[in-house]
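In case you want the letters, here they are:
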Amino acid sequence: MTRGSLERPVGVGLLGCGNVGAALVQLLADDSGIEARSGMRLRLAGVAVADTARQRQGVPPELLTGDADALVASDDVEVVVELIGGLDPARRLVEAALRAGKPVVTANKELLGTHGASLASLADDAGVDLLYEAAVAGAIPLVRVLRESLAGEQVRRVTGIVNGTTNFILTMMSDRKMDYADVLAEAQHLGLAERDPTADVEGHDAAAKAAIIASLAFRCDIGAPQVPREGISAIRPLDIAFAEQLGYVVKLLAVAERVDHLDRREPGRANGTGDPFDASGPPVPEVSVRVHPAMLPRSHPLAAVRGAFNAVFVEGESCGEMMLYGRGAGGKPTASAVLGDLLDAAHHLRAGTSATLVPRASVRLRPAADLRCAWYIAIDVADRPGVLAAVATVFGDHGVSIRSMEQVGLGDEARLIFVTHVAREGDVRTTLEALGSLDVVENIGGVLRVAGDDEEAS
Ligand SMILES: NC(=O)c1ccc[n+]([C@@H]2O[C@H](COP(=O)([O-])OP(=O)(O)OC[C@H]3O[C@@H](n4cnc5c(N)ncnc54)[C@H](OP(=O)(O)O)[C@@H]3O)[C@@H](O)[C@H]2O)c1
């Protein structure tokens, strides 16, 4: 018998009993199993929901309440699990719990991505846990790995497929050569996409997760609004087919990377001054955090991540490369991560301690315009003599050098598919603007970054 099992059970206040909350209730019902595995006894003290009239499997009716504030304040509740989602009332309830000195476990990426820093500081002041393993990649234990296992590591880059809906859509578009809209409809039918899919397909969900990942990886405070994002709704099957022809797959990536080590040519940047002659002051790490679709070489470990699965590829100075792979969503997998946090919080509470705090450092965010990578650009043009030269001149005038070009005839039109050498994003954007104003250019269709080409990126 372990020490925890001798103590009285830890009272748990559950806020929300939807997909994840209901799965957590089921896991908690396996009381003896949890105690045997963890040495900790948990007791569900109450479950707050919006609609108390609806019966919930495994929840005794007397535990249901519509008054979440009262549940948080109840003396029977020692740890609060927030599974309502969204900002309001989740923020108010989490703040109230932390102010009352009660540890909080949440799966709420929106809340963490927006108010993570202020909530962490409240938890710090109260000396209690704020744990959110399930908020980033569902069942995948990434938060713990970044916070604890890699606490001494200099993380160079974290690249994640952290949104199962978009990965499912891109996988289906590739496998079945289907249009985005048709696959989205199928994903909605299968329950893999929301009725309003904006948060997933436009990258908001991934941006909140990227902000959390970056804040952990670089020990800093980055919020979702600071993360530039692009979604997948403009991607066409023909772009995916071209990518495949060139040896790539198209994925929506959340990237958090340190970029100052790439700046040996520009010494001043590392001090955050941008002045190459200024070597004064302590170096402030410069990072880039972003969400966008990208062409990834087929040989990259993330290229093999298909369907609704998530994976996160971590690169560090000493640890090298590692990949964590698993289910990023779904009631039960997410509840499994919540339960792990809940047991940690309960152990810490009984031991009078709290999880390792992440010290906060200053970083500079590199503007997207200053990032450099290779690009895939597909342009439909009038099929006339001289057009190719005119288009190539625009690339050259803006300092974007072409690595390869392929031409496909389309009757009176032609499609030109360019892959550039590594170029500054700002220069690529002005190139695209200038191309758009050429009268021979009918349409600029696919524009995708080419990722994972470290020899080239700078
Ligand atoms: N679903 C996933 O696969 C997944 C994966 C990772 C993370 N997450 C995160 O986990 C959290 C929960 O997601 P979910 O899918 O379980 O959400 P959900 O199915 O929509 O459940 C939300 C729950 O909150 C309750 N609720 C709403 N407003 C409330 C209020 N004012 N007071 C008390 N309860 C209230 C709802 O009550 P009723 O039941 O009465 O409507 C429902 O039980 C979110 O932050 C989400 O981002 C979910």
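Since the model is a prediction, treat every value here as computed from it, not as a measurement.

Participant: Quick question: what am I supposed to make of the overall build of the chain here?
Facilitator: Of the regular secondary structure elements, the chain holds 16 helices and 17 strands. With the principal axes as the frame, the chain shows a C-alpha extent of 85 × 55 × 35 Å. Evaluated residue by residue, the chain yields a buried proportion of 44% over its 458 residues. Counted over contacts in the chain with a minimum sequence separation of 6, partners at least 24 positions apart contribute 75%.

Participant: Teacher, can you tell me more about the packing of helix H2 (residues 19-29) against helix H14 (residues 331-351) here?
Facilitator: Packed helices, taken two at a time, are described by the angle between their axes plus the distance between the axes. Here H2 crosses H14 at 65°, and the two axes come no closer than 8 Å. H14 is crossed by H2, and the crossing has right-handed handedness. Taken together, the residues of H14 that come into contact with H2 (itself represented by Asn 19, Val 20, Ala 22, Ala 23, Leu 24 and Leu 27) are Gly 331, Lys 332, Thr 334, Ala 335, Val 338 and Leu 339. Residues belonging to the contact of H2 with H14 are distributed by class as follows: eight nonpolar, three polar and one charged.

Participant: Could you clarify how one ought to interpret helix H6 (residues 109-126) in this entry?
Facilitator: Since the α-helix advances by 3.6 residues per turn, residues separated by three or four positions end up pointing in the same direction. With 18 residues, H6 should reach 26 Å at 1.5 Å per residue; the first-to-last C-alpha distance of 22 Å falls well below that figure. The sharpest bend along H6 reaches about 85° and sits at His 115. Those residues of H6 that fall on the buried side of the exposure criterion are Lys 109, Leu 111, Leu 112, Gly 113, Gly 116, Leu 119 and Ala 123. Each element contacted by the buried residues of H6 is listed here: helix H5 (90-99), strand E5 (104-106), strand E6 (130-131), helix H7 (134-137) and helix H12 (204-217). The first or second residue beyond H6 is Gly 127, which carries a positive phi of 70°.

Participant: Teacher, can you tell me more about the pairing of strand E1 (residues 10-15) here?
Facilitator: For E1, a buried count of five out of six residues is recorded, marking the element as mostly surrounded by other parts of the structure. Sheet topology places E1 next to strand E4 (residues 79-82); four bridges connect them, and they run parallel. Across the sheet, residue Val 12 finds its bridge partner in E4, namely Val 79.

Participant: Please clarify how the packing of helix H9 (residues 164-176) against helix H10 (residues 180-189) should be interpreted in this entry.
Facilitator: One way to put it is that H9 packs onto H10 with a least axis distance of 9 Å and a crossing angle of 125°. The angle between H9 and H10 falls in the class oblique. Here H9 runs over H10; the crossing is right-handed. Every residue of H10 that contacts H9 at Thr 165, Phe 168, Ile 169, Met 172 and Met 173 is listed here: Tyr 180, Val 183, Leu 184, Glu 186 and Ala 187. Of the residues belonging to the contact of H9 with H10, the class tally is eight nonpolar, one polar and one charged.

Participant: Explanation requested: the nonpolar core in the structure shown.
Facilitator: Counting 139 residues, the largest nonpolar core has Val 81, Ala 210, Val 338 and Leu 342 as its most contacted members. The leading source of residues in this core is H12, at 10 residues. If near-sequence neighbours (up to four positions away) are discounted, Ala 210 is found in contact with Val 227, Ala 254, Ala 256, Val 289, Arg 290 and Val 291.

Participant: Teacher, can you tell me more about the site of the ligand here?
Facilitator: Around the ligand sit 26 residues, and of these Gly 16, Gly 18, Gly 85, Ala 107 and Ala 329 come closest. Of all the elements in the fold, those that place two or more residues in the shell around the ligand are H2 and H14. With three residues, H2 is the single largest residue contributor to the shell around the ligand. Of the residues in the shell around the ligand, the class split is 13 nonpolar, 10 polar and three charged.

Participant: Just checking my understanding: could you explain the domain arrangement of the chain for this structure?
Facilitator: The extent of an interface is frequently quoted as the accessible surface area lost upon association of the parts. We note that the domain assignment places domain 1 (3-137 + 331-351), domain 2 (147-327) and domain 3 (368-450) within the chain. Inter-centroid distance (C-alpha atoms) of domain 2 to domain 3 is 24 Å. Listed by partner, the interface residues are 13 residues for domain 2 and 11 residues for domain 3. Broken down by secondary-structure element, the contributors of at least two residues to the side of domain 2 that touches domain 3 are helix H13 (237-245) and strand E9 (286-297). Considering each element in turn, the side of domain 2 that touches domain 3 owes the most residues, six residues, to E9.

Participant: What am I meant to see in the environment of Gly 307 here?
Facilitator: For Gly 307, the position within the fold is in the loop between E9 and strand E10 (309-316). As a C-alpha pair, Gly 307 and Val 77 span 230 residues in sequence and 39 Å in three-dimensional space.

Participant: Is there a simple way to explain the pairing of strand E7 (residues 155-161) in this structure?
Facilitator: Most of E7 sits inside the fold, with five of its seven residues counted as buried. Summarising the sheet, E7 and E10 pair through six bridges and their orientation is antiparallel. Bridge pairing in E10 places Gly 160 opposite Val 312. Examined bridge by bridge, E7 and strand E8 (residues 248-258) share four bridges and lie antiparallel to one another. Bridged to Thr 159 within E8 is Val 255.

Participant: Is there a simple way to think about unusual backbone geometry in this case?
Facilitator: Note on backbone geometry: most residues besides glycine have negative phi, and most peptide bonds are trans. Pro 89 follows Asp 88 through a cis peptide bond whose omega is 10°. Along the chain, Pro 89 falls in the loop between E4 and H5. Even without being a glycine, Arg 219 presents a positive backbone phi close to 50°. Within the fold, Arg 219 resides in the loop between H12 and H13.

Participant: Got a minute to help me understand the sheet that holds E1 in this structure?
Facilitator: One key point about sheets: their strands pair by backbone hydrogen bonds, in either a parallel or an antiparallel sense. Reading across the sheet, the six strands line up as E3-E2-E1-E4-E5-E6 and stay open at both edges, with parallel pairing between neighbours. What marks the edges here is a single partner per strand, and that holds for strand E3 (64-65) and E6. Contacting E1, strand E2 (42-48), E4, E5 and E6, H14 crosses the sheet at an angle of about 160° to E4.

Participant: Any chance you could explain the confidence of the model for the chain here in plain terms?
Facilitator: Low pLDDT means the predicted atomic positions in that stretch should not be read closely. Across the chain, the average pLDDT comes to 91, with 92% of residues at 70 or higher. pLDDT under 50 marks residues 270-278. Its contacts with residues more than four places away, or in other chains, come to 23 contacts.

Participant: Looking at this structure, I do not really get the environment of Leu 410. What am I missing?
Facilitator: For Leu 410, the location among the structural elements is in strand E14 (residues 402-410). Residue classification places Leu 410 among the exposed positions, given that 12 C-beta atoms sit within 10 Å. Apart from residues no more than four positions distant in its own chain, Leu 410 is found in contact with Asp 380 and Arg 415.

Analysis parameters
- Residues numbered from 1 in each chain as written.
- Predicted model: local features only at pLDDT ≥ 70, side-chain atom pairs only at ≥ 80, totals over all residues.
- Helix = DSSP H or I, 4+ residues; strand = E, 2+ residues; numbered from the N terminus.
- Buried ≥ 20, exposed ≤ 12 C-beta atoms within 10 Å, placed from the backbone.
- Contact = placed C-beta atoms within 7 Å.
- Axes fitted to C-alpha atoms, helices over the stretch in contact; angles between N-to-C directions.
- Left-handed = near helix turned anticlockwise from the far one by under 90°.
- Nonpolar A, V, L, I, M, F, W, Y, C, P; charged D, E, K, R; others polar.
- Expected span 1.5 Å × (residues − 1).
- Bend = angle between axes of the 7 residues up to and from the residue.
- Pairing = 2+ DSSP bridges.
- Parallel < 35°, antiparallel > 145°, perpendicular 65-115°, else oblique.
- Core = buried A, V, L, I, M, F, W, Y, C linked by C-beta atoms within 7 Å.
- Near = placed C-beta within 6 Å.
- Domains from an automatic or database assignment.
- pLDDT = per-residue confidence, 0-100.

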